[in-house]
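# A closer look at the structure
Spelled out from the first residue to the last, the chains are:
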Amino acid sequence: MTLACAGAAILAAMPACSAAQSGKPATSASVAAPSEEAQPRLTIAELRERYGDEQSRYANIKGVEVHYKDEGSGPVLLMVHGSVSSTRTWDRITEILKPNYRVIRFDIPGYGLSGRVSDEAAANIQPIEIAEELVEMLGVKKLTFVGVSSGGTMGMYLAAKRPDLVERLIISNTPSDPVDTSHLVMPESFLSATAKSRKTGFSDMTFWNEYLTYFAGDPARISEQTRKEYYDFNRRTPEKHPIALVARIGDGVQAKIEMKKITAPTFLIWGGADALLPESAADAITGYLGSAQISRVIMPDVGHYPPLESPDRFAQWIAAYVEAGVISDAEATKP
């Protein structure tokens, strides 16, 4: 089975999944589960009113409205979230790093506070073109790309296409092969919440509590606020093309060709407790990136979303890697 994200995979794969207990708690959050009637879908305007802030900016890129933030100064970090997520994935990391770095992040169109994806955009725009044109508009010539899950997929494709732009690549729990979900063993409570979502076409608070609990190494690290944000952003008015501008592995054939092209030094920051993409997935991606110098660290207690679950550690790893590279570059250019 191929997929753009863990959320889509779960919904697609439910009939094949076992209902046996996974050993994780069925529910970890105290957030109430409001009914669909009490909590209807939110329009993009309502989400912007609720979650936009003074750092929010909007750019028209190839006819698509893109919400982005550009904060701090110093070496540029371009951060891209995964599917069913938003730029808020990077809130804490940005707070830590922006005193020493220029942090640019955006909502992939169709998600967060970005606009809709038209039929024309879905047919004619490649996902990496959004990133390319945004940084060009902002005058960026060199950057370190940081991506999690399918955000990392976008980073790999951009690094393959634009070695002049991507100096370093930092990716986290990113697929390199079509993702197989047949090994997932989910608790009955998650299966029940997912079945309800499939039946109603609406993922309620119970579903997002179960989802974030299952894909975390330690569910207690996922705050109630984060859980509420996932619920809110994923109940925005449905998109006709929800994953058109999400970078995807597809059948893996072209993806492997692109991965071979990557020469940028690459750092894997991996959540070793990821039920979907465990450490063996980091081994696989290391093998495919045969032309790049690979560094990696496994965080054994962290799940599928390391920047969300353990942002302080993640920020420290980013800083250590980039600073080491900057020092090496400076040494190399000494007369």
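The structure displayed is predicted, hence computed values, not measured ones.

## So, the packing of helix H7 (residues 188-200) against helix H8 (residues 205-214)
Put simply, H7 and H8 touch, their axes get as near as 9 Å, and they point 135 degrees apart. Looking at the two axes, H7 sits oblique to H8. Helix-helix and strand crossings are classified by hand; for H7 and H8 the assignment is left-handed. Contact residues: Ser189, Phe190, Ala193, Thr194 and Ser197 in H7; Thr206, Phe207, Glu210, Tyr211 and Tyr214 in H8. Here the contact of H7 with H8 is composed, by residue class, of five nonpolar, four polar and one charged.

## Let's talk about helix H10 (residues 253-261)
Taken residue by residue, H10 has Ala255, Glu258 and Met259 as its buried positions. Along the axis of H10, the buried positions cluster into a sector of 100 degrees, meaning they face one direction only. With respect to the buried face of H10, the exposed residues turned more than 90 degrees away are Val253 and Lys260. Where the residues of H10 are buried, they touch helix H6 (150-161) and helix H11 (279-288).

## Some points on the nonpolar core
Residues Leu97, Phe106 and Ile318 are the most contacted members of the largest nonpolar core, which totals 94 residues. Contacts of Leu97, omitting those with residues within four sequence positions, involve Leu77, Met79, Val103, Ala315, Ile318 and Ala319. Counting five residues, the second largest nonpolar core, distinct from the first, contains Leu42, Tyr51, Leu113 and Phe233.

## Brief notes about the packing of helix H5 (residues 127-137) against H6
Following both chains from N to C, one finds H5 and H6 inclined at 65 degrees, their axes separated by 9 Å at the closest point. On the basis of their axis angle, the class for H5 and H6 is roughly perpendicular. Handedness of the H5/H6 crossing: right-handed. On the side of H5, the interface is formed by Pro127, Ile128, Ala131 and Glu132, while H6 contributes Met154, Tyr157, Leu158 and Lys161.

## Some remarks on the pairing of strand E2 (residues 64-71)
Counting buried positions over the eight residues of E2 gives six, a clear majority of the element. Where strand E1 (residues 57-61) and E2 come together, five bridges link them in antiparallel fashion. Bridge pairing in E2 links Ile61 to Val64. Between E1 and E2, which pair antiparallel and follow one another directly, the connecting turn spans two residues, one of which, Lys62, has a positive phi of 55 degrees. With four bridges connecting them, E2 and strand E4 (residues 102-106) associate as antiparallel partners. Bridged to Tyr68 within E4 is Phe106.

## Things to note about the environment of Asp119
Secondary-structure assignment places Asp119 in helix H4 (residues 119-124). Judged by its relative accessible area of 43%, Asp119 falls in the partly exposed class. Distance in space between the C-alpha atoms of Asp119 and Ala244 is 9.6 Å, their sequence separation being 125 residues. Setting aside residues no more than four positions away along its own chain, Asp119 makes contact with Lys240 and His241.

## Notes on unusual backbone geometry
Among all residues except glycine, the phi angle is most often negative; among peptide bonds, the trans geometry is most common. At Lys62, a position not held by glycine, the phi torsion is positive, near 55 degrees. For Lys62, a relative accessible area of 41% puts it in the partly exposed group. Even without a glycine there, the phi angle at Ser149 is positive, about 55 degrees. You can see Ser149 is positioned in the loop between strand E5 (143-148) and H6.

## Notes on the packing of aromatic side chains
Per the stated rule, a full pass over the model turns up 15 aromatic pairs. Between Phe190 and Tyr214, the aromatic rings sit 5.5 Å apart at their centres with planes inclined by 50 degrees, giving tilted as the arrangement. Of this pair, Phe190 sits in helix H7 while Tyr214 sits in helix H8; the two residues are 24 residues apart in sequence, bridging distant segments of the chain. Accessibility assignment for this pair places Phe190 and Tyr214 in one class, buried. Geometrically, the ring pair formed by Trp208 and Tyr211 is edge-to-face, given 5.1 Å between the ring centres and 70 degrees between the ring planes. With a gap of three residues between them, Trp208 and Tyr211 both fall in helix H8, about one helical turn apart. Overall, Trp208 belongs to the buried group, its relative accessible area being 4%. Take Tyr211: its relative accessible area is 0%, and that puts it in the buried class.

## Some remarks on H6
For H6, spanning 12 residues, the distance from its first C-alpha to its last is 17 Å, which sits close to the expected 16 Å at 1.5 Å a residue. By the criterion of burial, H6 is predominantly enclosed, with 11 of the 12 residues buried. Taken residue by residue, H6 has Ser150, Gly151, Gly152, Thr153, Met154, Gly155, Met156, Tyr157, Leu158, Ala159 and Ala160 as its buried positions.

## Some remarks on the sheet that holds strand E7 (residues 266-271)
What the eight strands build is an open sheet, ordered E1-E2-E4-E3-E5-E6-E7-E8; its pairing is mixed. Among the strands making up the open sheet, the edge pair consists of E1 and strand E8 (294-299). Between one strand axis and the next, the sheet turns through 20 degrees on average, direction left out of account. Packed on one face of the sheet, H6 meets strand E3 (76-80), E4, E5 and strand E6 (166-172) and runs near 145 degrees to E5.

Basis of the calculations
Residues numbered from 1 in each chain as written. Predicted model: local features only at pLDDT ≥ 70, side-chain atom pairs only at ≥ 80, totals over all residues. Heavy atoms only, no water. Axes fitted to C-alpha atoms, helices over the stretch in contact; angles between N-to-C directions. Helix = DSSP H or I, 4+ residues; strand = E, 2+ residues; numbered from the N terminus. Parallel < 35°, antiparallel > 145°, perpendicular 65-115°, else oblique. Left-handed = near helix turned anticlockwise from the far one by under 90°. Contact = heavy atoms within 4.5 Å. Nonpolar A, V, L, I, M, F, W, Y, C, P; charged D, E, K, R; others polar. Buried < 20%, exposed > 50% of the residue type's maximum accessible area, 1.4 Å probe, protein only. Arc of directions from axis to C-beta. Core = buried A, V, L, I, M, F, W, Y, C linked by side-chain atoms within 4.5 Å. Pairing = 2+ DSSP bridges. Phe/Tyr/Trp six-rings, centres within 6.5 Å; stacked < 30°, edge-to-face > 60°. Expected span 1.5 Å × (residues − 1).

Purely geometric numbers; function is a separate question.
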